[in-house]
Amino acid sequence: MKTKTLKKDKVNIITLGCSKNMVDSEVLSGQLLANDIDVVHESAKKDHNIVVVNTCGFIDKAKEESINTILEQIELKNRGRLEKVYVTGCLSERYRGDLESEIPGVDAWFGTMELPLILKKFDADYKSELIGERLLATPTHYAYLKISEGCNRTCSFCAIPLMRGGHVSRPIEQLVAEAEKLVNSGVKEIMLIAQELTYYGLDLYKQRKLAELLRALAQVKGLEWIRLHYAYPHKFPMEVLDVMNEYPNICKYIDMPLQHAADNMLKSMKRQITRVEMEELITAIREKVPGICLRTTLITGYPGETLEDVEETKRFLEKMRLDRVGVFTYSHEEGTSAHDLADDIPAEEKERRAQDIMETQQEISLEKNQEKVGKVFRVIVDKRESGRYLARTEFDSVEVDNEVIINTTKRLKPGDFVNVMITKAYDYDLEGELV
């Protein structure tokens, strides 16, 4: 009689890049668990024998981090600490041919849409009935919900369509079922993510359906907060704001990457919008949803950008006073239409411009935070750190936005909602007391 002497596989998944990658890793984890395979996210225990690196290939820094992580895992394999190293995600999708020859220590490479092929390596089957079953890599009180894959836009600087393909929406009923499962597992806050939220439904239903999706999700019992990430400004579906006003569990928060404020840059970037149109849109959104928090991201150092273009962006921020701003430096990406332009601004100058813009925003952020002092906000507790609690208002998303520091002897748990009076304001954070 044959006996099994081999130890059971244990898989560690390392996720790099954006929240969309994190969701992919969570789905892979759920499938592995359903096939009775032990799996963990970014384990520090080193008791696993297989690693899956889910890579990012968005910009140079992310590519470098992905390659370094792969090489670290191969070194562990060479020292006998690992048996297998598999690589998936955007970097693998985009550069698989080159990487296979340059990094021979990897046991198998997979693209962004090859989950069933990864599972085959574990003699596991893809179980379609498991839609929505995920092993969360986030704390249990919040999760990301990916409503679509890919992107149909042709922004000149962006390589995402090269790695993720065209826009594919997920059906509303499937997303509602997944949200219900997440809430049943303890999730209180769901962040909707996609390459572009506002395109949602055009491929599947022949019309934009983000408002209908929000209305359906808002009725999921026990779902306290729904947050919108990555809305494209061109042809923004204003009916979304009506639903936001209708349901208190839809956060008055929109993450809308604008990328620049100078018209010549917007045109070269193929953003399909002008500065005046952006200003009109922001004004209209604020009129429809008073008190809404608007977050954006901007790019510095795009080919041909002048110092006057940077000044125009600063003037735009001073005029529109957006609540949250992040700045990226331009990365010259192969396969994009901007790659035909000369990458003519040195890296140090790109960074200097980014810092210049952030200093302008820093003052705006401090002033906006000071306006909150003495006011009471409902916040969600994220964690306890250094003897105090860190929480967020509905106007703040995870990791990228402000935190509310709560000093209290009362015992709070992650996921608790409490009311806090703001007592102090800093550039990017707030301090408060329980009320």
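- The protein chain has the name Ribosomal protein uS12 methylthiotransferase RimO in an unreviewed UniProt entry, where Chitinophaga rhizophila is given as its organism.
- According to the UniProt record, the Function (unreviewed entry) comment for the protein chain reads "Catalyzes the methylthiolation of an aspartic acid residue of ribosomal protein uS12."

1. Examining the UniProt feature "binding site: [4Fe-4S] cluster 1" (unreviewed entry) in the protein chain
Line of reasoning, step 1. When the UniProt feature table is mapped onto this chain, "binding site: [4Fe-4S] cluster 1" (unreviewed entry) is found at Cys18, Cys56 and Cys90. These annotated residues cover 73 residues of sequence, and their C-alpha atoms all fall within 10.5 Å of one another, placing them together at a single site.
Line of reasoning, step 2. Take Cys56: it is sitting in the loop between β3 (50-55) and α2 (60-78).
Line of reasoning, step 3. By relative accessible area, which is 12% here, Cys56 ends up buried.
Line of reasoning, step 4. Residues within four places of Cys56 in sequence aside, it is in contact with Leu16, Gly17, Asn21, Ala62, Lys63, Ser66, Cys90 and Leu91.
Line of reasoning, step 5. Examined against the element boundaries, Cys90 turns out to sit in helix α3 (residues 90-102).
Line of reasoning, step 6. When sequence neighbours within four positions are dropped, the list of residues in contact with Cys90 reads Asn21, Thr55, Cys56, Gly57, Thr112, Met163 and Arg164.

2. Let's talk about the pairing of strand β10 (residues 225-228)
Line of reasoning, step 1. Alternating positions in β10 separate into two faces, Trp225 and Arg227 on one and Ile226 and Leu228 on the other, with burial throughout.
Line of reasoning, step 2. Relative to β10, strand β9 (residues 189-193) runs parallel, the two sharing four bridges. When the bridges of β10 are listed, Glu189 appears paired with Trp225.
Line of reasoning, step 3. After leaving β10, the chain enters helix α9 (residues 239-246) and then returns to the sheet as strand β11 (residues 250-255), a path that is right-handed.

3. Brief notes about the packing of aromatic side chains
Line of reasoning, step 1. Within this structure, the stated rule accounts for five aromatic pairs.
Line of reasoning, step 2. With 5.7 Å between their ring centres and 80° between their planes, Tyr86 and Phe122 make a pair best called edge-to-face. Placement of the pair is Tyr86 in strand β4 (residues 84-89) and Phe122 in the loop between α4 (115-120) and β6 (142-146), with a sequence separation of 36 residues. Judged on exposure class, the residue Tyr86 and its partner Phe122 are both buried.
Line of reasoning, step 3. Here Lys209 stacks its cationic end above the ring of Tyr205, 5.8 Å away from the centre of that ring.

4. Description of the UniProt feature "binding site: [4Fe-4S] cluster 2" (unreviewed entry) in the protein chain
Line of reasoning, step 1. Under the feature "binding site: [4Fe-4S] cluster 2" (unreviewed entry), the UniProt entry names Cys151, Cys155 and Cys158.
Line of reasoning, step 2. Within the secondary structure layout, Cys155 lies in the loop between β7 (148-149) and α5 (160-164).
Line of reasoning, step 3. Those residues within four positions of Cys155 in sequence are excluded, and the remaining contacts are Tyr232, Met269, Lys270 and Arg271.
Line of reasoning, step 4. The residue Cys158 is located in the loop between β7 and α5 in this model.

5. Some words on the packing of helix α6 (residues 172-184) against helix α8 (residues 210-218)
Line of reasoning, step 1. For the pair α6 and α8, interaxial distance at closest approach is 10 Å and the crossing angle is 30°. With respect to each other, α6 and α8 are oriented roughly parallel. α8 is crossed by α6, and the crossing has right-handed handedness. Contacts between α6 and α8 involve Ile172, Leu175, Val176 and Ala179 on the former and, on the latter, Glu212, Leu213, Ala216 and Leu217.
Line of reasoning, step 2. In terms of residue class, the contact of α6 with α8 is made up of seven nonpolar, no polar and one charged.

6. Examining the sheet that holds strand β18 (residues 430-434)
Line of reasoning, step 1. Read around the closed barrel, the five strands follow the order β14-β15-β16-β18-β17; overall the barrel is mixed. Neighbour-to-neighbour, the strand axes of this sheet turn through a mean angle of 50°, independent of strand direction.
Line of reasoning, step 2. Bridge analysis of strand β14 (residues 376-385) against strand β17 (residues 417-425) gives five bridges, and the strand direction is antiparallel. Across the sheet, Val376 pairs through a bridge with Met421, a residue of β17.

7. What about the pairing of β6?
Line of reasoning, step 1. Within β6, five of the five residues are buried, which leaves it mostly tucked inside the rest of the structure.
Line of reasoning, step 2. Side chains Tyr142, Tyr144 and Lys146 of β6 all project onto a buried face; the interleaved residues Ala143 and Leu145 project onto the opposite face, where all are buried too.
Line of reasoning, step 3. Inspection of the sheet shows β6 paired to β9 by five bridges, in the parallel sense. Each bridged residue has a counterpart across the sheet, and for Tyr142 the counterpart in β9 is Glu189.

Definitions and cut-offs
Within each chain, residue numbers correspond to sequence positions counted from 1 in written order. Note on the predicted model: pLDDT of at least 70 is required for a residue's local features to be given, and 80 or more for side-chain atom pairs to be given and counted; whole-chain, interface and lining totals, by contrast, use all residues. As a convention, hydrogens and water are excluded, and side-chain values are obtained from all of the structure's heavy atoms. UniProt positions are given in the numbering used here, feature names are shortened, and annotations may be inferred rather than shown by experiment. To qualify as a helix, a DSSP run of H or I must reach at least 4 residues; to qualify as a strand, a run of E must reach at least 2; elements of each kind are numbered from the N terminus. Residue exposure (1.4 Å probe, protein chains only): buried if accessible area is under 20% of the type maximum, exposed if over 50%, otherwise partly exposed. The contact criterion used is simple: two residues touch if any of their non-hydrogen atoms lie within 4.5 Å. Should DSSP find at least two bridges between two strands, the strands are taken to pair. Call a crossover right-handed when, viewed with both strands pointing away from you, the route from the first strand across the helix to the second goes clockwise. We call Phe, Tyr and Trp rings a pair once their centres come within 6.5 Å, taking the six-membered ring for Trp, and we label the pair stacked below 30 degrees between planes, edge-to-face above 60, and tilted otherwise. The criterion is that NZ of a Lys, or CZ of an Arg, lies within 6 Å of the ring centre and within 35 degrees of the ring normal, and then a charge sits over that ring. Helix axes are fitted to C-alpha atoms over the stretch in contact, other axes to C-alpha atoms as well, and angles between N-to-C directions run from 0 to 180 degrees. These descriptions rest on fixed angle ranges, namely under 35 degrees for roughly parallel, over 145 for roughly antiparallel, 65 to 115 for roughly perpendicular, and the rest for oblique. Crossing handedness follows the turn of the near helix against the far one: under a right angle anticlockwise gives a left-handed crossing, and clockwise gives a right-handed one. By the convention adopted, Pro, Cys, Tyr, Trp, Phe, Met, Ile, Leu, Val and Ala count as nonpolar, Lys, Arg, Asp and Glu as charged, and the other residues, Gly among them, as polar.

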